[in-house]
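The residues making up each chain are set out below.
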Amino acid sequence: MDEQAGLQEHQRTASVPPNPPAAPPNHPRQTWESARATGRRAGAATPRLQLAAVWSSAEPRHKEEEFLYPWRNQGKGVVRVKRDWIIPPIRVLENSKQVPEDLVQIKSDKIFTGEVIYKLEGPGVDQQPKNLFEIDDVTGVIRCKRPLDRERYNSFTLKAFALSPSGQRLENPTTIEIVVLDQNDNRPAFTQGQFGGSVSEFSVPGTSVMSVSATDADDPMTENAYLSYSIIGQESIPPNAVTKTMFGINNETGAIYTRDVGLDREVVKSFRLKLLVADMGGMGLTSEGVAVIHVSDINNHAPQFSPAAYSMSAVENRKDYEIGRVNVTDRDDRGAGNWEARYSISNDPEGNFAISTDPGSNEGVLTVVKPLDYEAQDEHVLILTVENVNRLSNKAPNLPVSSATVVVTVVNENEAPLFREDPIQIVVPESVAPGTLLKSNIAFDPDNSNLRYEISRDPERWLEINRDTGDITAKRTFNMRSPNVRKNIYNAVIKVTDAGGVSTTATVAVTLKETNDFPPQLFPLSGTVCRGAGGRRSGLVLTAVDEDLPPHAAPFTFEMPDDISINWTVNQVNDTHAVLLPLEELQAGEYAVTVFVSDYGIPVLSAYAQVNVTVCVCDSFGDCKSEAGAVLGSSMGISFIALIIIMASIALLLLLLLLAVAVTTCGRRHHIKKGAGLLVGESEDDIRDNVFNYDEQGGGEEDENAFNIDLLWNPHDAPSTPGSYYPGCGVPRGKQPLRRDAPHNLPSPIYPRRPPADPTDIEDYINDGLEAADNDPNVPPYDTALIYDYEGEGSLAGSLSSIASGSSDGDQDYDYLNDWGPRFQKLANMYDPR
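Now for a look at the structure at hand.

Thresholds, definitions, all that
- Residues numbered from 1 in each chain as written.
- Predicted model: local features only at pLDDT ≥ 70, side-chain atom pairs only at ≥ 80, totals over all residues.
- Heavy atoms only, no water.
- Core = buried A, V, L, I, M, F, W, Y, C linked by side-chain atoms within 4.5 Å.
- Buried < 20%, exposed > 50% of the residue type's maximum accessible area, 1.4 Å probe, protein only.
- Contact = heavy atoms within 4.5 Å.
- Pairing = 2+ DSSP bridges.
- Helix = DSSP H or I, 4+ residues; strand = E, 2+ residues; numbered from the N terminus.
- Axes fitted to C-alpha atoms, helices over the stretch in contact; angles between N-to-C directions.
- Patch = residues over 30% accessible without salt bridge, like charges linked within 9 Å, V, L, I, M, F, W, Y side chains within 5 Å.
- Areas by Shrake-Rupley, 256 points an atom, 1.4 Å probe, with all protein chains shown as cover.
- Salt bridge = Lys/Arg side-chain N within 4 Å of Asp/Glu carboxyl O.
- Lys, Arg positive; Asp, Glu negative; His and termini not counted.
- Charge placed at Lys NZ, Arg CZ, Asp CG, Glu CD.

With that out of the way, let us pick up the nonpolar core. In terms of nonpolar packing, the biggest core is built from 26 residues, with I442, I472, F478, V508 and V510 touching the most fellow members. The contacts of V510, once residues within four sequence positions are left out, are I426, V428, L463, F478, N488, I489 and Y490. If you look at the next biggest cluster of nonpolar residues, it comprises 24 residues, including I90, L120, I135 and I176.

On to the sheet that holds strand β5 (residues 117–121), then. The four strands are arranged β3-β9-β8-β5 in an open sheet whose pairing can be described as mixed. With partners counted over all chains shown, the strands left at the sheet margins are β3 (90–93) and β5, one partner each. Within this sheet the neighbouring strands show an average axis-to-axis angle of 30°, counted without direction. Bridge count between strand β8 (residues 155–163) and strand β9 (residues 174–181): six bridges; the pairing is antiparallel. Directly across from T157, in β9, lies its bridge partner E177.

Spatial strand order, β4-β7-β6: three strands in an open sheet with antiparallel pairing. On the outer flanks of this sheet lie β4 (101–105) and β6 (133–135), each paired with one strand and no other. Going across the sheet, the axis of each strand differs from the next one's by a mean of 25°, ignoring polarity. In the sheet, β6 pairs with strand β7 (residues 141–144) via three bridges, with the strands oriented antiparallel.

Bringing a negative patch on the surface into the picture now. Side chains of D761, E763, D764, D768, E771 and D774 sit close together on the surface and give a patch of like negative charge. As for its placement among the helices and strands, D768 is situated in helix α5 (residues 762–774). Judged by its relative accessible area of 45%, D768 falls in the partly exposed class.

This is the structure in C-alpha cells:
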C-alpha cells in the first residue's frame, strides 16, 4: 500500500490524539455541508448552513509525520478514534405549499479524488409512504416533493450514502432525521355525540353531575391541542319549567356541576345543555356537543289511600281468590321503588286475608287465603295501611301513615258434607265375623242437611254401609293375602251426598290385624337317616310352614308324642328347625314317625304329622347304599309292596273277569234277555265261580328278582356308588336313576271295598276299580320314559379282523382257502404270496 492509500485508510480507521495537528493546505479533507430550509411563517429566506469536519492541533509542525503515519510509531502513546459529524434534526412544516422544497445538502470530501454519486433510503423515499423525499445524485440536495401531514407521520429517519460510479460505498452512511412541525389544522371533537347524566332533585349547588371530554388530533405538546370547555345553552324539559342557569362546567376538565337550587323532579324532568369546546385555550378551532341531565327522584312523597273506605264480599268455603282492590296515589317517579307501595292488614288475627301489590297499577289486591264460614262469622272489618318500598326521605313532609277501612261481607252457600276424618281409620282382626260394626258417625253437613251414603270403591266387596246412617259393617271375612291388601291395609272409598246434591268422598283405610288361623305344617314328610354313621348321630332336619304372618308363626315347637314314637326323639335347633333322631340303632327299613309341631300364635295352634323315615346304610356322602334293601328290611315296606301286589292282582283279575264276560256275552248274545244285566244269561252258573287266580305275575319295573333291567344302562353314564348293591348279593352296581316322577306321600283314591251283591252291578264295580287304579299316583308304572340304549361292551368271541391281531399277514397260512371251492378261489389268490 503506498502512502496515499495508507492515508485514506487511516482517515477512516485510525485513532486521533486529543488535539490533532492542523492539516496542511494541500491535505485532502472530508467536508460535509448541510443546508436546512426553515419555516417561512414570516416569509424569510432559507439560510444555508455549511458544516465542515476539520482537524486541528496545537502540536508542533514537526510531529505531523507521526500523526499522518501512526503505524510508524506504534506503542508510543494512546490515540482516539475519529468522530463523524451528527446532523441535527431537520424541521419541516406540515401542509407546506412550497413544494418541491430543498431541505438539506450533503457533500463528501471524496469529490476531490473522483466522482461521487449520492443516494437516499428510508421511509418516505423507497419505503412506505413512498415518493415524499428525493436527493440529487450529483449535488446531494435533499428535497421534499409533497406536503406532509403530521397527524399521519410526525417524523422520518433517512440514510444518505456516498457511492462511486461502480456502486462502492465511499463513506459510512449518514442518518438524517426529519421532524414534521404541527399546524392547527384539526378541530377538537367531543368523544360522544350526546352525553348523559343524572342529578338527584333538591341537590345543593356545587354537586358534581357528570364530565364531558373531547379530543384534538393536533400535537398535544402545542397549544393547537389545548382545549377549553363551556356551556352555551340550557333547555329544560318540560320547556321553560326552569329559566335560570342551573349548571356550570370546568373549562379545563369538562366537569359539569350544579350552580343553583330548585331542582324538583315534579317540576322539571331533565335538562339539555349545549356545549362548546375550542383549542388554543379557547381561541382556536371549535366544536359543539350536547349533554342531557335527568333529575332523579327521591322518596319525598308518601302514598295516600284514595278513597279511604271500601266494601267487598266473599263467598264462604273458598280460598285463594281475589275479592277486591284498593287504590293509592304517590307523586314520586312512577314505576320506581319510591313509588311502589307495600300494603299490610292490621286486624286479621285468623289470617283469613292477604293483600299484595299490582306492579303495574300500584293497587292493593285483597284475597282470601283461608275459607270463610258464614255460620261462624258473616262480616269482617279490615284496617289497611300503606307505605313505600323505599325508605321515606328526610326531605318529605312529616305526615301520618295513610290507612283505609275495608268491610268484607261473607256470602252463604250450600256447603259440601264433611267427613270427621279422612282417611277413615279402621283396625280389625282379619277373622272378623260378617255383620260386625266397624265404624259409625263418620260425616256431618255444615248446613244440617240429610246425608246419603254409598260405597264408591270396594274391590273385594268386604264392606257394607248403611245408606242413611253411614254405619260401616263387615260384609265378608277379610283375607290378608288378597292382592288388594298392601302392608296389611285395605283401602276403599265412601261417598256422601247432601240434599242439595253436593257430595264428597273419603278413603277408608282398614288395617287388618293378623290372627292365628292356620296350624303349622311339618316339612319334609319323608327323608333318610343313615344307620351306623361311625359314632355320629345322623338325623332328619325338619321345619314347619305356617300360612299366618308374624307373630302367629315362628318360633315353632317340635315335640314327640310319648305313646306313639318310642324309638325316636326330636331336638330343637332354632326357632324354625329341628332334627329327628333315633334313640337307638335301628334296622334298615321304613319307619313312620309322628311329630307334634306348634306355632307361637295366640291361641297356639298345633298339628300332628307323620314322617316317613328311611333308615339305611349310607356311604361317605350320606347316600343310601341300597334303597331296596331298606324297603325289604322293614315290615312297613313289605306291607307297602304287598299292598301294591294285591292291588295289581285285583286289577288283573278284574280285567280277566271283564274279558270272560265279554267273550261269554258275544257267544250268547242271542240268549241274553232284553233289559237284563251284563253278566246274567240263561246259564245258571255264576261266572264268578269260573275266575281263576294266577298270582305268579311279576311286579313290572319294581320286580327286580325276575330280570335286572340295570344291565341295559351304560355303566360309564352312571358312576358307581359304593352304597348301591344288587339285592341278595354283594356285587356292586351303578347308582339307580333318579325317578323324578315318583310320588312322595301323595293321597291315593278310594278303591271299591266290597263287590256288589247284585251281579248286574259288576260292570260298575270293575269300572270304578279301574278308574281308581288309573288315577292312583302311588302305583307303578310311573309315567317316565327310561332310555335303555346300552348294548354292552366286550365279547367272548374273537375278532374276525386281522387288524387288531398281534401277527402280520405274513404269519398267516391261507392255503385252506383253496379247499373251499371256486367261490373262494379269488380270495385265495389274493392272500397267496405265490
